[in-house]
Amino acid sequence: MNLRHMFALARKEFYHIVRDPGTFLLVTVGPVFLMIVFTYMLTSEVKNAPVGVIDHAHNDASAELIDRIEADPVTRIAAYYESVDATDLDFQRGDIVAAVEIPENYGQFSLLGDVPTVHMIVDGMEPTSAEQVLETVYTIADEHTRDLAGDALSGFGLDSSLLDLPINVETETLFNPDLRSIVDFYPGLMGMMLTLPALALALSLAKEAENGTLEQLVASPVDKRALLAGKMLPYLVFGMIDVVILFIMGQVAYSVPFRGSLLEYMLVALLFNMANLGLALLIAVFVRSQQVAIIVAFLVFFVPPFFLSGMFFPADAMPFIVQLEMVEFPSMHYVSLAKAIFLQGTSIRDLLFNFVILAILGIELFEIAAFIFRKKIIVTVPWRKWFNRDEKRQSLTQQPIAQSRG
């Protein structure tokens, strides 16, 4: 492969990217814009969920419980009701996702062990919000009830430690102690954004094939590997720029922790970009239409990372045949490596299988595209000779008629 030819083509392709606003925005602003949209669209965190309150007690204890619910970031008090039936209309209109019914005897305790129970009504149409609101209100009510019961026991001259459970369970959450969903999926979501430079490459080659400008490069005395590598190199540079931008964005805007080696992660991102661009070249070899290229690229670059990479759905829960298919996609190996490096501080040595497969895909896909690519302008169609034979036969049958008329 002639490096001088490759860099000459890379310079030409770089000028094309910079001068074409659509391509330039796709490889620079596109990943950042989509990352912002996806982080807010895919998050499962619930904040300020509207909650209704039915307070039958109307005492200091119920007022304190309502204040604690209002102070929690997950919930906010949206309305007050006199009865449970009064909440039906707001549930139907979606104005509230849950209702808290406080009994009349809330805050009152007896030595017989009677504990007032808070009743919860949740909207099953919003299961994610309902589950988190239910858990939040339960935790708040449990802590508040224990505080009130402790004060009541102290009033009777008893030790408040009697409220302790016989078995205390202590939990510790590793790597993501606050259970923030964005921390979990951000490293993998970066992989979806990094497919945009590959999409731009596939569309660029398909556009050149449609316009006929690719034939000029094909007719030039440039080695096919240098040609394809020269077309790919600028998109690889912009892909790595996107990696840096998205990495800084994750640290500054979303406080996503990074516990691994930055050098190792950049190497993984480089191999992943190479594999994606190799896939783009492979698509461009077979597809010579921009419309078809968009459809094929969407199926290749967006569907597997979303459903078959383990980013949102655990790979262990999938059938074995699907797990074998996942190995063929670069996104699966990138997500495994990126999440481990980001959140666990894992080294490449501990995930050597994924790293080696990603490296093989990064080189192999380019080589397959170069092997299939043929520097030929005219494609021989097997049945063309039959059309030529029909044309010759038609010209022979028409010639005597023309002579006789003369």
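Residues numbered from 1 in each chain as written. Predicted model: local features only at pLDDT ≥ 70, side-chain atom pairs only at ≥ 80, totals over all residues. Heavy atoms only, no water.

Caption draft 1: Spotlight on the nonpolar core. In terms of nonpolar packing, the biggest core is built from 79 residues, with Tyr186, Tyr265 and Tyr334 touching the most fellow members. Looking at this core, the element that brings in the most residues is helix 11 (residues 262–286), giving 14 residues. Setting aside chain neighbours within four positions, we find Tyr334 in contact with Pro187, Gly188, Met190, Gly191, Leu194, Tyr265, Val268, Ala269 and Phe272. In terms of nonpolar packing, the next biggest core, distinct from the first, is built from 23 residues, Ile77, Val133, Ile140 and Ala141 among them. (Core = buried A, V, L, I, M, F, W, Y, C linked by side-chain atoms within 4.5 Å. Buried < 20%, exposed > 50% of the residue type's maximum accessible area, 1.4 Å probe, protein only. Helix = DSSP H or I, 4+ residues; strand = E, 2+ residues; numbered from the N terminus. Contact = heavy atoms within 4.5 Å.)

Caption draft 2: Summary view of the sheet that holds strand 2 (residues 75–81). Pairing is mixed in the open sheet, where four strands are placed in the order 2-1-3-4. Two strands close off the open sheet at either side, each with one partner strand: strand 2 and strand 4 (119–122). The average angle at which neighbouring strand axes cross in this sheet is 25°, direction not considered. Sheet topology note: the strand 1 (residues 49–55)/strand 2 ladder contains six bridges and is parallel. When the bridges of strand 2 are listed, Val53 appears paired with Tyr80. Most of the contacts of helix 4 (residues 60–71) go to strand 2, to which it runs at about 135°, and overall it touches strand 1, strand 2 and strand 3 (98–102). (Pairing = 2+ DSSP bridges. Axes fitted to C-alpha atoms, helices over the stretch in contact; angles between N-to-C directions.)

Caption draft 3: Representation of the pattern of salt bridges in the model. In total, this model carries nine salt bridges according to the counting rule given. As a salt-bridge pair, Glu13 and Lys12 come within 3.8 Å of each other at their nearest N and O atoms. A relative accessible area of 34% means that Lys12 is categorised as partly exposed. Two residues, Lys339 and Asp184, come together in a salt bridge whose shortest N-O distance is 3.1 Å. With Lys339 in helix 15 (residues 330–344) and Asp184 in helix 7 (residues 181–193), the pair connects residues that are 155 residues apart, well separated along the chain. Because the salt bridges share partners, they merge into one network encompassing Lys12, Glu13, Glu208 and Lys231. (Salt bridge = Lys/Arg side-chain N within 4 Å of Asp/Glu carboxyl O.)

Caption draft 4: Region of the structure containing the environment of Leu236. Looking at the secondary structure, you find Leu236 in helix 10 (residues 224–252). The buried category is assigned to Leu236, whose relative accessible area is 12%. Leave out the neighbours within four places in its chain, and Leu236 touches Leu270, Asn273, Met274 and Leu277.

Caption draft 5: Examining the packing of aromatic side chains more closely. For the structure shown, the criterion picks out 12 aromatic pairs. A centroid spacing of 4.9 Å and a plane angle of 85° characterise the contact between Phe258 and Phe342, whose relative ring orientation is edge-to-face. Within this pair, whereas Phe258 is found in the loop between helix 10 and helix 11, its partner Phe342 is found in helix 15, the two being separated by 84 residues in sequence. Exposure remark for Phe342: the relative accessible area of 1% places this residue in the buried category. One aromatic cluster is present, built from ring pairs that chain together Phe247, Phe258, Tyr265, Phe272, Tyr334 and Phe342. (Phe/Tyr/Trp six-rings, centres within 6.5 Å; stacked < 30°, edge-to-face > 60°.)

Caption draft 6: Quick peek at helix 3 (residues 29–41). Here helix 3 is 13 residues long and its end C-alpha atoms lie 18 Å apart, about the 18 Å a rise of 1.5 Å per residue gives. Here helix 3 has its buried residues at Gly30, Pro31, Met35, Phe38 and Thr39. Seen from one end, helix 3 has its buried residues packed into an arc of 145°, which puts them on one side. For helix 3, the exposed residues lying more than 90 degrees away from the buried face are Phe33, Tyr40 and Met41. Packed against the buried residues of helix 3 are helix 2 (21–27), helix 7, helix 8 (196–211) and helix 10. (Expected span 1.5 Å × (residues − 1). Arc of directions from axis to C-beta.)

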